[in-house]
Amino acid sequence: MPRVIHVHPARGLRGRLIPPGDKSLSHRALLLAGMAQGESRLTRVLRAGVTEPMLRALTALGVTWRWDGDTLVVDSPGYQAWRAPSATLDCGHSGTTMRLLAGALAAAGLPAVLDGSLGLRRRPMRRVTEPLRKMGVPIRDTDGHAPLILDARPPTQPLRGGVFRLPVASAQVKTAILLAGLAASEPVTVIEPGPSRDHTERLLAGWGLQVDRPAGHQVTLTPPRGPLSPLALRLPGDISSAAFLIVAALITPDAHVVIEDVGLNPTRTGLLDALRAMGARLTVEPLGERYGEPWGRITASYTPDLHGITVRGDLVVRMIDEFPIFAVAATFAHGPTYVHDAQELRYKESDRIARLVHELRALGAAMNERPDGFVAYGGGLRGGTARAHGDHRLAMALTVAGLAAQGPVQVLGGEMYRESYPSFLADLQRLGASVGEEEVPTA
Ligand code: S3P
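Residues numbered from 1 in each chain as written. Predicted model: local features only at pLDDT ≥ 70, side-chain atom pairs only at ≥ 80, totals over all residues. Heavy atoms only, no water.

Along the chain, the regular secondary structure elements total 14 helices and 24 strands. The globule rule puts the C-alpha radius of gyration for 443 residues at 22 Å, and the 21 Å found for the chain is close to it. For the chain, the C-alpha atoms occupy an extent of roughly 65 × 55 × 45 Å along the three principal directions. Scored against the burial criterion, the 443 residues of the chain give a buried share of 61%. Pairs at least 24 residues apart make up 74% of the contacts formed inside the chain by residues separated by at least 6 positions. As presented, the chain carries roughly 16,000 Å² of accessible surface, and 51% of it is formed by carbon and sulfur atoms. Taking the 48 positively charged and 43 negatively charged side chains of the chain as two groups, their mean positions are separated by 1 Å. (Helix = DSSP H or I, 4+ residues; strand = E, 2+ residues; numbered from the N terminus. Rg over C-alpha atoms; globule rule 2.2 N^0.38 Å. Buried < 20%, exposed > 50% of the residue type's maximum accessible area, 1.4 Å probe, protein only. Contact = heavy atoms within 4.5 Å. Areas by Shrake-Rupley, 256 points an atom, 1.4 Å probe, with all protein chains shown as cover. Lys, Arg positive; Asp, Glu negative; His and termini not counted. Charge placed at Lys NZ, Arg CZ, Asp CG, Glu CD.)

This brings us to helix 6 (residues 171–181). Along an α-helix, residues three or four apart share an orientation, since each turn contains 3.6 residues. Where burial is concerned, most of helix 6 is hidden: 11 out of the 11 residues are buried. Those residues of helix 6 that fall on the buried side of the exposure criterion are Ala171, Gln172, Val173, Lys174, Thr175, Ala176, Ile177, Leu178, Leu179, Ala180 and Gly181.

The next point concerns the environment of Pro19. Mapped onto the fold, Pro19 is located in the loop between strand 2 (14–17) and helix 1 (23–35). The class of Pro19 is buried, set by a relative accessible area of 1%. Note: C-alpha distance between Pro19 and Leu166 (147 residues apart in sequence) is 32 Å. Apart from the residues lying within four places of it in its own chain, the contact partners of Pro19 are Arg44, Gly237, Asp238, Ser241, Ala242, Ile259, Glu260 and Val262.

On to unusual backbone geometry, then. Between Ala146 and the following residue, Pro147, the backbone shows a cis peptide bond with an omega angle of 0 degrees. Assignment of secondary structure puts Pro147 in strand 9 (residues 145–150). Phi is positive for Asp261, which is not a glycine, with a value near 50 degrees. Among the residues examined, Asp261 registers a relative accessible area of 11% and is labelled buried.

Right, let's talk about the sheet that holds strand 1 (residues 3–7) for a bit. Within the open sheet, the four strands sit side by side as 22-23-1-24. Their pairing is mixed. At either margin of the open sheet sits one strand with a lone partner, and together these are strand 22 (384–387) and strand 24 (435–439). Within the sheet, the average angular offset between the axes of one strand and its neighbour, ignoring direction, is 20 degrees. This element, helix 13 (residues 392–404), spans strand 1, strand 22, strand 23 (409–412) and strand 24 of the sheet and lies at about 170 degrees to strand 23. (Pairing = 2+ DSSP bridges. Axes fitted to C-alpha atoms, helices over the stretch in contact; angles between N-to-C directions.)

This part takes up the nonpolar core. Soluble globular proteins tend to pack their nonpolar side chains together in the buried interior. Membership of the largest hydrophobic core comes to 82 residues, with the highest contact counts inside it found for Ile246, Leu275, Phe326, Leu360 and Leu403. Examining the composition of this core, we find that 11 residues originate from one element, helix 8 (residues 239–251), more than from any other. When residues no more than four places from it in sequence are discounted, the contact partners of Leu275 are Ile246, Val247, Leu250, Ala280, Leu282, Phe326 and Ala329. (Core = buried A, V, L, I, M, F, W, Y, C linked by side-chain atoms within 4.5 Å.)

It is worth spelling out the packing of aromatic side chains at this point. For any two aromatic rings, the description comes down to two numbers: the centre-to-centre distance and the angle of the planes. The tally for this structure, following the rule as stated, stands at four aromatic pairs. Each member of the aromatic cluster is reached from another via a ring pair, and the members are Phe244, Tyr417, Tyr421 and Phe424. (Phe/Tyr/Trp six-rings, centres within 6.5 Å; stacked < 30°, edge-to-face > 60°.)

Next up on the list: the pattern of salt bridges. Pairing between side chains of opposite charge can happen when the charged atoms of each approach one another. In this structure the tally under the stated criterion is 29 salt bridges. Of the charged contacts, one joins Arg430 and Asp427 as a salt bridge, the two residues approaching to 2.7 Å between their closest N and O atoms. Of the two residues, Arg430 and Asp427 are both situated in helix 14 (residues 424–430); the distance of three residues between them amounts to about one turn of the helix. The exposed category is assigned to Arg430, whose relative accessible area is 57%. Several salt bridges converge on common partners, so that one network encompasses Arg3, Arg418, Glu437 and Glu439. (Salt bridge = Lys/Arg side-chain N within 4 Å of Asp/Glu carboxyl O.)

Within the secondary structure, Thr71 sits in strand 5 (residues 71–77). What makes Thr71 buried here is its relative accessible area of 8%. Dropping the residues within four chain positions of it, Thr71 is found in contact with Arg41, Leu42, Thr43 and Arg66.

Okay, the site of the ligand next. In the vicinity of the ligand, the contacting residues are Lys23, Ser24, Arg28, Thr96, Arg99, Ser170, Ala171, Gln172, Arg197, Ile320, Asp321 and Lys348. At 2.7 Å from an oxygen atom of the ligand is found a side-chain nitrogen or oxygen belonging to Ser24. A distance of 2.7 Å separates an oxygen atom of the ligand from a polar side-chain atom of Lys348. Counting residues per element, the ones that place at least two in the shell around the ligand are helix 1, helix 3 (95–108) and helix 6. It is helix 1 that contributes the most residues to the shell around the ligand, three residues altogether. Of the residues in the shell around the ligand, the class split is two nonpolar, four polar and six charged. Split by domain, the residues of the shell around the ligand number at least three in each of domain 1 (3–21 + 236–439) and domain 2 (23–159 + 173–183). (Near = heavy atom within 4 Å. Polar contact = N/O pair within 3.5 Å; in protein donor to acceptor, adjacent residues only side chain to side chain. Nonpolar A, V, L, I, M, F, W, Y, C, P; charged D, E, K, R; others polar. Domains from an automatic or database assignment.)

On to helix 1. For helix 1, spanning 13 residues, the distance from its first C-alpha to its last is 18 Å, which sits close to the expected 18 Å at 1.5 Å a residue. With respect to burial, helix 1 is a largely interior element, 13 of its 13 residues being buried. Among the residues of helix 1, the N-terminal cap falls to Asp22, whose side-chain oxygen and the backbone nitrogen of Ser24 are separated by 3.0 Å. (Expected span 1.5 Å × (residues − 1).)

Here we take up the side chain of Thr299. Note that Thr299 resides in strand 17 (residues 293–301). The buried category is assigned to Thr299, whose relative accessible area is 12%. If sequence neighbours within four positions are ignored, Thr299 has contacts with His256, Val257, Val258, Arg281, Leu282, Thr283 and Glu285.

Okay, here's the thing in C-alpha coordinates:
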(Lines give C-alpha, C1' and ligand atoms only; values in the text may rest on other atoms or scores of the structure.)
Protein backbone atom coordinates (compact mmCIF):
# COMPACT_ATOMS: atom_id res chain seq x y z
CA MET A 1 0.00 0.00 0.00
CA PRO A 2 1.35 3.51 -0.81
CA ARG A 3 2.54 5.54 2.14
CA VAL A 4 2.99 9.16 3.01
CA ILE A 5 5.93 10.49 5.02
CA HIS A 6 5.19 13.39 7.37
CA VAL A 7 8.14 15.57 8.32
CA HIS A 8 8.31 18.64 10.54
CA PRO A 9 10.85 21.45 10.67
CA ALA A 10 13.73 20.41 12.97
CA ARG A 11 16.45 21.97 15.15
CA GLY A 12 19.57 20.58 16.72
CA LEU A 13 19.84 17.21 14.95
CA ARG A 14 22.67 15.42 16.71
CA GLY A 15 24.22 11.99 16.68
CA ARG A 16 26.61 9.44 15.28
CA LEU A 17 25.41 7.00 12.61
CA ILE A 18 26.71 4.24 10.35
CA PRO A 19 24.96 4.24 6.97
CA PRO A 20 23.83 0.95 5.37
CA GLY A 21 26.27 -1.02 3.21
CA ASP A 22 27.14 0.51 -0.16
CA LYS A 23 24.57 -0.32 -2.86
CA SER A 24 26.99 -0.40 -5.81
CA LEU A 25 29.52 -2.53 -3.94
CA SER A 26 26.75 -4.81 -2.67
CA HIS A 27 25.54 -5.56 -6.19
CA ARG A 28 29.07 -6.29 -7.34
CA ALA A 29 30.00 -8.35 -4.29
CA LEU A 30 26.82 -10.46 -4.60
CA LEU A 31 27.31 -11.12 -8.27
CA LEU A 32 31.06 -11.82 -8.06
CA ALA A 33 30.49 -14.16 -5.09
CA GLY A 34 27.83 -15.88 -7.21
CA MET A 35 30.27 -16.23 -10.13
CA ALA A 36 33.10 -17.56 -7.93
CA GLN A 37 33.39 -21.24 -7.09
CA GLY A 38 32.98 -22.06 -3.38
CA GLU A 39 31.86 -20.21 -0.25
CA SER A 40 32.19 -16.40 -0.09
CA ARG A 41 31.51 -14.28 3.03
CA LEU A 42 30.16 -10.76 2.53
CA THR A 43 29.77 -8.60 5.62
CA ARG A 44 27.45 -5.55 5.67
CA VAL A 45 25.92 -6.24 2.28
CA LEU A 46 22.97 -3.91 1.71
CA ARG A 47 19.79 -5.74 2.71
CA ALA A 48 17.12 -3.66 0.97
CA GLY A 49 14.58 -3.62 -1.84
CA VAL A 50 17.24 -2.96 -4.44
CA THR A 51 19.37 -6.04 -3.63
CA GLU A 52 16.48 -8.52 -3.40
CA PRO A 53 16.22 -9.08 -7.18
CA MET A 54 19.94 -9.89 -7.35
CA LEU A 55 19.59 -12.49 -4.59
CA ARG A 56 16.50 -13.99 -6.28
CA ALA A 57 18.38 -14.18 -9.59
CA LEU A 58 21.34 -15.93 -7.98
CA THR A 59 18.94 -18.48 -6.45
CA ALA A 60 17.41 -19.08 -9.89
CA LEU A 61 20.91 -19.75 -11.25
CA GLY A 62 21.66 -22.43 -8.65
CA VAL A 63 23.58 -20.32 -6.11
CA THR A 64 22.64 -20.71 -2.43
CA TRP A 65 23.01 -18.06 0.28
CA ARG A 66 22.16 -17.56 3.94
CA TRP A 67 22.57 -14.78 6.51
CA ASP A 68 24.95 -15.35 9.39
CA GLY A 69 24.34 -12.22 11.51
CA ASP A 70 25.26 -9.30 9.25
CA THR A 71 27.32 -11.56 6.97
CA LEU A 72 25.89 -13.12 3.85
CA VAL A 73 27.37 -16.51 3.11
CA VAL A 74 27.16 -17.29 -0.62
CA ASP A 75 27.85 -20.79 -1.94
CA SER A 76 28.20 -21.24 -5.69
CA PRO A 77 29.25 -23.96 -8.12
CA GLY A 78 30.90 -21.17 -10.17
CA TYR A 79 29.32 -19.37 -13.14
CA GLN A 80 30.49 -22.05 -15.58
CA ALA A 81 28.16 -24.47 -13.72
CA TRP A 82 25.14 -22.16 -13.29
CA ARG A 83 21.84 -23.64 -14.46
CA ALA A 84 19.61 -21.82 -16.96
CA PRO A 85 16.82 -19.98 -15.10
CA SER A 86 13.42 -21.59 -15.64
CA ALA A 87 11.51 -18.27 -15.51
CA THR A 88 12.06 -14.60 -16.35
CA LEU A 89 14.55 -12.94 -13.99
CA ASP A 90 12.67 -10.02 -12.43
CA CYS A 91 15.11 -7.18 -11.72
CA GLY A 92 12.48 -5.09 -9.91
CA HIS A 93 13.35 -1.38 -10.07
CA SER A 94 17.09 -2.04 -10.23
CA GLY A 95 18.98 -0.95 -13.34
CA THR A 96 22.24 -2.13 -11.78
CA THR A 97 20.84 -5.64 -11.33
CA MET A 98 19.68 -5.81 -14.94
CA ARG A 99 22.84 -4.45 -16.56
CA LEU A 100 25.29 -6.37 -14.37
CA LEU A 101 23.36 -9.63 -14.69
CA ALA A 102 23.37 -9.25 -18.48
CA GLY A 103 27.19 -9.22 -18.37
CA ALA A 104 27.45 -12.21 -16.00
CA LEU A 105 24.90 -14.26 -17.97
CA ALA A 106 26.81 -13.42 -21.14
CA ALA A 107 29.93 -14.95 -19.55
CA ALA A 108 27.93 -18.02 -18.52
CA GLY A 109 26.45 -18.40 -22.01
CA LEU A 110 23.00 -19.23 -20.64
CA PRO A 111 19.60 -18.48 -22.13
CA ALA A 112 17.62 -16.05 -19.95
CA VAL A 113 15.08 -13.24 -20.01
CA LEU A 114 15.66 -10.14 -17.86
CA ASP A 115 12.70 -7.90 -17.08
CA GLY A 116 11.60 -5.47 -14.38
CA SER A 117 9.13 -2.82 -13.22
CA LEU A 118 7.51 -0.32 -15.58
CA GLY A 119 10.03 2.24 -14.31
CA LEU A 120 12.92 -0.05 -15.23
CA ARG A 121 11.41 -0.73 -18.66
CA ARG A 122 11.65 3.01 -19.33
CA ARG A 123 15.44 3.04 -18.91
CA PRO A 124 17.88 2.75 -21.84
CA MET A 125 19.35 -0.73 -22.39
CA ARG A 126 20.87 -0.55 -25.87
CA ARG A 127 23.98 0.93 -24.25
CA VAL A 128 24.59 -2.51 -22.75
CA THR A 129 23.22 -4.86 -25.43
CA GLU A 130 25.21 -3.19 -28.24
CA PRO A 131 28.72 -3.74 -26.79
CA LEU A 132 27.77 -7.24 -25.60
CA ARG A 133 26.64 -8.15 -29.10
CA LYS A 134 30.00 -6.91 -30.44
CA MET A 135 31.63 -9.39 -28.05
CA GLY A 136 29.59 -12.17 -29.65
CA VAL A 137 26.85 -12.39 -27.00
CA PRO A 138 23.48 -13.51 -28.47
CA ILE A 139 21.45 -10.81 -26.66
CA ARG A 140 18.67 -8.51 -27.82
CA ASP A 141 16.69 -5.72 -26.22
CA THR A 142 13.10 -4.67 -26.84
CA ASP A 143 13.26 -1.41 -28.82
CA GLY A 144 16.24 -0.36 -26.74
CA HIS A 145 14.62 -1.34 -23.44
CA ALA A 146 13.84 -4.32 -21.20
CA PRO A 147 12.99 -7.14 -21.52
CA LEU A 148 16.47 -8.33 -22.54
CA ILE A 149 16.63 -11.77 -24.12
CA LEU A 150 19.77 -13.90 -24.09
CA ASP A 151 20.06 -17.07 -26.16
CA ALA A 152 22.33 -19.97 -25.25
CA ARG A 153 25.92 -19.66 -26.46
CA PRO A 154 27.74 -22.92 -27.23
CA PRO A 155 30.81 -23.37 -24.98
CA THR A 156 32.89 -23.82 -28.14
CA GLN A 157 32.25 -20.12 -28.99
CA PRO A 158 34.32 -17.94 -26.62
CA LEU A 159 33.49 -14.26 -26.42
CA ARG A 160 35.61 -11.71 -28.27
CA GLY A 161 37.59 -9.04 -26.42
CA GLY A 162 38.76 -5.75 -27.91
CA VAL A 163 38.33 -2.05 -27.23
CA PHE A 164 34.95 -0.56 -26.29
CA ARG A 165 34.52 3.23 -26.28
CA LEU A 166 31.41 4.23 -24.34
CA PRO A 167 29.59 7.34 -25.59
CA VAL A 168 28.36 8.04 -22.03
CA ALA A 169 30.32 7.38 -18.79
CA SER A 170 28.46 4.48 -17.15
CA ALA A 171 29.80 2.17 -14.47
CA GLN A 172 26.97 -0.27 -15.11
CA VAL A 173 27.80 -0.64 -18.80
CA LYS A 174 31.55 -0.81 -18.07
CA THR A 175 30.91 -3.51 -15.46
CA ALA A 176 28.69 -5.56 -17.80
CA ILE A 177 31.47 -5.57 -20.40
CA LEU A 178 34.14 -6.49 -17.84
CA LEU A 179 32.00 -9.32 -16.41
CA ALA A 180 31.41 -10.73 -19.90
CA GLY A 181 35.14 -10.24 -20.44
CA LEU A 182 35.85 -12.81 -17.72
CA ALA A 183 34.89 -15.41 -20.36
CA ALA A 184 36.54 -13.72 -23.36
CA SER A 185 39.40 -15.23 -25.31
CA GLU A 186 41.43 -12.01 -25.24
CA PRO A 187 41.74 -8.82 -23.12
CA VAL A 188 38.83 -6.38 -22.94
CA THR A 189 39.41 -2.63 -22.77
CA VAL A 190 36.73 -0.08 -21.83
CA ILE A 191 37.31 3.64 -22.47
CA GLU A 192 34.86 6.17 -21.03
CA PRO A 193 34.40 9.92 -21.50
CA GLY A 194 34.37 10.53 -17.72
CA PRO A 195 35.26 9.07 -14.29
CA SER A 196 32.38 6.67 -13.58
CA ARG A 197 32.60 4.74 -10.28
CA ASP A 198 35.45 2.24 -10.39
CA HIS A 199 34.36 -0.33 -7.78
CA THR A 200 34.46 -3.20 -10.28
CA GLU A 201 38.06 -2.46 -11.27
CA ARG A 202 39.12 -2.23 -7.62
CA LEU A 203 37.32 -5.44 -6.68
CA LEU A 204 38.66 -7.43 -9.64
CA ALA A 205 42.22 -6.22 -8.95
CA GLY A 206 41.84 -6.93 -5.20
CA TRP A 207 40.73 -10.41 -6.20
CA GLY A 208 44.06 -11.01 -7.91
CA LEU A 209 42.91 -10.59 -11.54
CA GLN A 210 45.01 -8.67 -14.03
CA VAL A 211 43.45 -5.22 -14.34
CA ASP A 212 45.45 -2.44 -16.03
CA ARG A 213 44.47 1.17 -15.67
CA PRO A 214 46.68 3.56 -17.64
CA ALA A 215 45.95 7.29 -17.41
CA GLY A 216 42.54 8.47 -18.58
CA HIS A 217 39.25 6.77 -17.98
CA GLN A 218 40.42 3.44 -19.32
CA VAL A 219 40.61 -0.12 -17.97
CA THR A 220 41.84 -3.42 -19.46
CA LEU A 221 40.94 -6.81 -18.00
CA THR A 222 42.95 -9.88 -18.98
CA PRO A 223 40.58 -12.86 -18.68
CA PRO A 224 41.66 -15.31 -15.97
CA ARG A 225 42.11 -19.01 -16.64
CA GLY A 226 40.07 -21.46 -14.57
CA PRO A 227 37.43 -20.82 -11.91
CA LEU A 228 37.22 -17.69 -9.76
CA SER A 229 38.16 -18.09 -6.09
CA PRO A 230 35.70 -17.12 -3.31
CA LEU A 231 35.62 -13.64 -1.76
CA ALA A 232 35.73 -12.39 1.82
CA LEU A 233 34.68 -8.75 2.04
CA ARG A 234 33.49 -6.19 4.56
CA LEU A 235 31.66 -3.40 2.78
CA PRO A 236 31.81 0.28 3.78
CA GLY A 237 28.67 2.36 4.36
CA ASP A 238 27.06 3.96 1.34
CA ILE A 239 28.13 7.57 0.78
CA SER A 240 25.04 8.03 -1.40
CA SER A 241 22.88 7.21 1.66
CA ALA A 242 25.10 9.25 3.99
CA ALA A 243 24.51 12.18 1.61
CA PHE A 244 20.97 12.62 3.00
CA LEU A 245 22.26 12.84 6.57
CA ILE A 246 25.06 15.23 5.55
CA VAL A 247 22.72 17.68 3.85
CA ALA A 248 20.19 17.32 6.70
CA ALA A 249 22.94 18.49 9.09
CA LEU A 250 24.02 21.41 6.85
CA ILE A 251 20.54 22.94 6.45
CA THR A 252 19.05 22.32 9.93
CA PRO A 253 19.77 24.95 12.64
CA ASP A 254 22.22 23.79 15.36
CA ALA A 255 22.78 20.36 13.77
CA HIS A 256 25.98 18.35 14.19
CA VAL A 257 26.13 14.82 12.73
CA VAL A 258 28.98 12.30 12.58
CA ILE A 259 28.90 9.50 10.01
CA GLU A 260 31.18 6.52 10.63
CA ASP A 261 32.58 3.79 8.36
CA VAL A 262 31.47 5.37 5.11
CA GLY A 263 33.01 4.67 1.69
CA LEU A 264 35.27 7.46 0.37
CA ASN A 265 36.10 6.15 -3.10
CA PRO A 266 37.08 9.32 -5.05
CA THR A 267 34.76 8.40 -7.95
CA ARG A 268 31.87 8.73 -5.46
CA THR A 269 32.80 11.81 -3.42
CA GLY A 270 31.79 14.54 -5.88
CA LEU A 271 29.01 15.73 -3.55
CA LEU A 272 31.53 16.44 -0.78
CA ASP A 273 33.58 18.58 -3.19
CA ALA A 274 30.48 20.44 -4.35
CA LEU A 275 29.29 21.09 -0.79
CA ARG A 276 32.76 22.29 0.28
CA ALA A 277 32.75 24.70 -2.67
CA MET A 278 29.43 26.03 -1.28
CA GLY A 279 31.14 26.73 2.05
CA ALA A 280 29.76 23.70 3.93
CA ARG A 281 31.10 22.97 7.43
CA LEU A 282 32.27 19.49 6.65
CA THR A 283 35.26 17.39 7.69
CA VAL A 284 36.33 14.16 6.01
CA GLU A 285 38.79 11.81 7.76
CA PRO A 286 40.06 8.87 5.68
CA LEU A 287 40.74 6.01 8.14
CA GLY A 288 41.70 3.01 6.03
CA GLU A 289 41.21 0.86 2.96
CA ARG A 290 39.59 -2.55 2.48
CA TYR A 291 39.81 -4.41 -0.85
CA GLY A 292 41.11 -1.22 -2.45
CA GLU A 293 38.12 0.82 -1.20
CA PRO A 294 38.93 3.78 1.07
CA TRP A 295 36.59 4.46 4.02
CA GLY A 296 36.45 6.94 6.87
CA ARG A 297 34.42 9.41 8.93
CA ILE A 298 32.45 12.47 7.82
CA THR A 299 31.31 15.24 10.18
CA ALA A 300 28.76 17.84 9.05
CA SER A 301 27.47 20.88 10.95
CA TYR A 302 24.78 23.49 10.34
CA THR A 303 25.98 26.01 7.74
CA PRO A 304 23.60 28.97 7.49
CA ASP A 305 25.74 30.72 4.87
CA LEU A 306 25.92 28.11 2.05
CA HIS A 307 26.37 29.89 -1.27
CA GLY A 308 25.44 28.89 -4.82
CA ILE A 309 27.98 27.31 -7.22
CA THR A 310 28.19 25.92 -10.76
CA VAL A 311 28.52 22.13 -11.27
CA ARG A 312 29.56 20.67 -14.63
CA GLY A 313 31.80 18.14 -16.40
CA ASP A 314 33.54 15.34 -14.48
CA LEU A 315 32.13 16.52 -11.15
CA VAL A 316 28.64 15.62 -12.43
CA VAL A 317 29.79 12.02 -13.02
CA ARG A 318 31.37 11.82 -9.53
CA MET A 319 28.09 12.84 -7.86
CA ILE A 320 25.60 11.38 -10.37
CA ASP A 321 23.27 9.85 -7.73
CA GLU A 322 23.40 12.87 -5.43
CA PHE A 323 21.54 15.50 -7.45
CA PRO A 324 18.19 15.12 -5.65
CA ILE A 325 19.79 15.91 -2.28
CA PHE A 326 22.26 18.40 -3.78
CA ALA A 327 19.29 20.32 -5.20
CA VAL A 328 17.83 20.50 -1.68
CA ALA A 329 21.11 21.98 -0.39
CA ALA A 330 21.06 24.45 -3.30
CA THR A 331 17.54 25.64 -2.43
CA PHE A 332 18.86 26.64 1.03
CA ALA A 333 21.94 28.45 -0.35
CA HIS A 334 22.40 32.15 -1.01
CA GLY A 335 22.55 32.93 -4.73
CA PRO A 336 21.96 30.70 -7.73
CA THR A 337 23.34 27.19 -8.27
CA TYR A 338 23.71 26.02 -11.88
CA VAL A 339 23.95 22.36 -12.95
CA HIS A 340 25.14 21.64 -16.52
CA ASP A 341 26.13 18.44 -18.43
CA ALA A 342 23.74 16.32 -16.36
CA GLN A 343 21.32 15.02 -19.04
CA GLU A 344 21.97 11.44 -17.77
CA LEU A 345 19.77 12.34 -14.79
CA ARG A 346 16.76 11.95 -17.07
CA TYR A 347 17.40 8.18 -17.28
CA LYS A 348 17.63 7.33 -13.59
CA GLU A 349 14.88 5.87 -11.38
CA SER A 350 12.80 8.85 -12.52
CA ASP A 351 13.55 11.78 -14.83
CA ARG A 352 15.59 13.43 -12.09
CA ILE A 353 15.63 16.82 -13.80
CA ALA A 354 11.92 17.20 -14.52
CA ARG A 355 10.61 15.48 -11.36
CA LEU A 356 13.07 17.13 -9.01
CA VAL A 357 12.38 20.64 -10.25
CA HIS A 358 8.62 20.07 -10.27
CA GLU A 359 8.48 18.62 -6.74
CA LEU A 360 10.82 21.14 -5.13
CA ARG A 361 8.80 23.94 -6.75
CA ALA A 362 5.70 22.39 -5.18
CA LEU A 363 7.44 22.99 -1.81
CA GLY A 364 8.17 26.62 -2.74
CA ALA A 365 11.61 26.42 -4.41
CA ALA A 366 12.68 29.00 -6.97
CA MET A 367 14.06 26.63 -9.64
CA ASN A 368 14.09 26.15 -13.39
CA GLU A 369 14.63 23.10 -15.55
CA ARG A 370 17.31 23.13 -18.28
CA PRO A 371 17.76 20.44 -20.97
CA ASP A 372 20.98 19.24 -19.28
CA GLY A 373 20.39 20.26 -15.66
CA PHE A 374 18.70 22.95 -13.59
CA VAL A 375 19.17 26.23 -11.84
CA ALA A 376 18.16 26.70 -8.20
CA TYR A 377 17.98 30.29 -6.97
CA GLY A 378 18.13 29.58 -3.22
CA GLY A 379 15.99 31.30 -0.61
CA GLY A 380 14.59 28.23 1.20
CA LEU A 381 11.33 26.29 1.07
CA ARG A 382 7.81 26.95 2.30
CA GLY A 383 6.63 23.34 2.83
CA GLY A 384 3.62 21.44 1.46
CA THR A 385 3.06 18.19 -0.38
CA ALA A 386 5.39 16.53 -2.91
CA ARG A 387 5.56 13.17 -4.68
CA ALA A 388 8.40 10.64 -4.87
CA HIS A 389 7.47 9.24 -8.34
CA GLY A 390 8.74 5.75 -7.49
CA ASP A 391 12.26 7.14 -6.95
CA HIS A 392 14.00 6.27 -3.65
CA ARG A 393 16.41 9.20 -3.79
CA LEU A 394 13.66 11.68 -4.59
CA ALA A 395 11.67 10.32 -1.60
CA MET A 396 14.61 10.84 0.77
CA ALA A 397 15.64 14.23 -0.63
CA LEU A 398 12.10 15.60 -0.24
CA THR A 399 11.95 14.26 3.31
CA VAL A 400 15.21 16.03 4.20
CA ALA A 401 13.85 19.20 2.56
CA GLY A 402 11.03 19.07 5.11
CA LEU A 403 13.49 19.27 8.03
CA ALA A 404 14.47 22.81 7.04
CA ALA A 405 11.30 24.12 5.35
CA GLN A 406 9.19 26.78 7.08
CA GLY A 407 6.24 24.41 7.48
CA PRO A 408 5.57 20.65 7.47
CA VAL A 409 6.12 18.52 4.37
CA GLN A 410 4.29 15.40 3.20
CA VAL A 411 5.99 13.05 0.74
CA LEU A 412 3.53 10.89 -1.17
CA GLY A 413 4.97 7.52 -2.16
CA GLY A 414 7.75 8.16 0.35
CA GLU A 415 8.02 4.44 1.17
CA MET A 416 10.49 4.10 -1.72
CA TYR A 417 13.35 4.85 0.70
CA ARG A 418 13.23 1.14 1.55
CA GLU A 419 14.82 0.41 -1.84
CA SER A 420 18.28 1.56 -0.72
CA TYR A 421 18.11 2.80 2.90
CA PRO A 422 15.60 0.81 4.99
CA SER A 423 16.60 2.51 8.28
CA PHE A 424 16.36 6.04 6.81
CA LEU A 425 13.37 7.24 8.88
CA ALA A 426 14.62 5.48 12.02
CA ASP A 427 18.05 7.13 11.57
CA LEU A 428 16.48 10.59 11.18
CA GLN A 429 14.42 9.94 14.33
CA ARG A 430 17.60 8.87 16.15
CA LEU A 431 19.10 12.26 15.26
CA GLY A 432 16.04 13.91 16.82
CA ALA A 433 13.86 14.60 13.78
CA SER A 434 10.09 14.44 13.90
CA VAL A 435 9.30 12.17 10.93
CA GLY A 436 6.82 9.34 10.49
CA GLU A 437 4.89 7.51 7.82
CA GLU A 438 1.40 6.17 7.40
CA GLU A 439 -0.45 4.11 4.86
CA VAL A 440 -2.63 5.92 2.36
CA PRO A 441 -5.76 3.91 1.59
CA THR A 442 -6.21 3.44 -2.16
CA ALA A 443 -9.62 4.28 -3.60
C1 S3P B 1 25.77 2.44 -10.58
C2 S3P B 1 26.13 3.30 -11.58
C3 S3P B 1 25.42 4.53 -11.87
C4 S3P B 1 24.49 4.94 -10.72
C5 S3P B 1 23.72 3.78 -10.16
C6 S3P B 1 24.65 2.69 -9.67
C7 S3P B 1 26.57 1.21 -10.40
O8 S3P B 1 24.64 4.36 -13.04
O9 S3P B 1 23.62 5.95 -11.12
O10 S3P B 1 22.90 4.18 -9.07
O11 S3P B 1 26.44 0.56 -9.34
O12 S3P B 1 27.33 0.86 -11.30
P13 S3P B 1 25.30 4.47 -14.52
O14 S3P B 1 26.21 3.34 -14.71
O15 S3P B 1 24.14 4.39 -15.47
O16 S3P B 1 25.98 5.79 -14.54
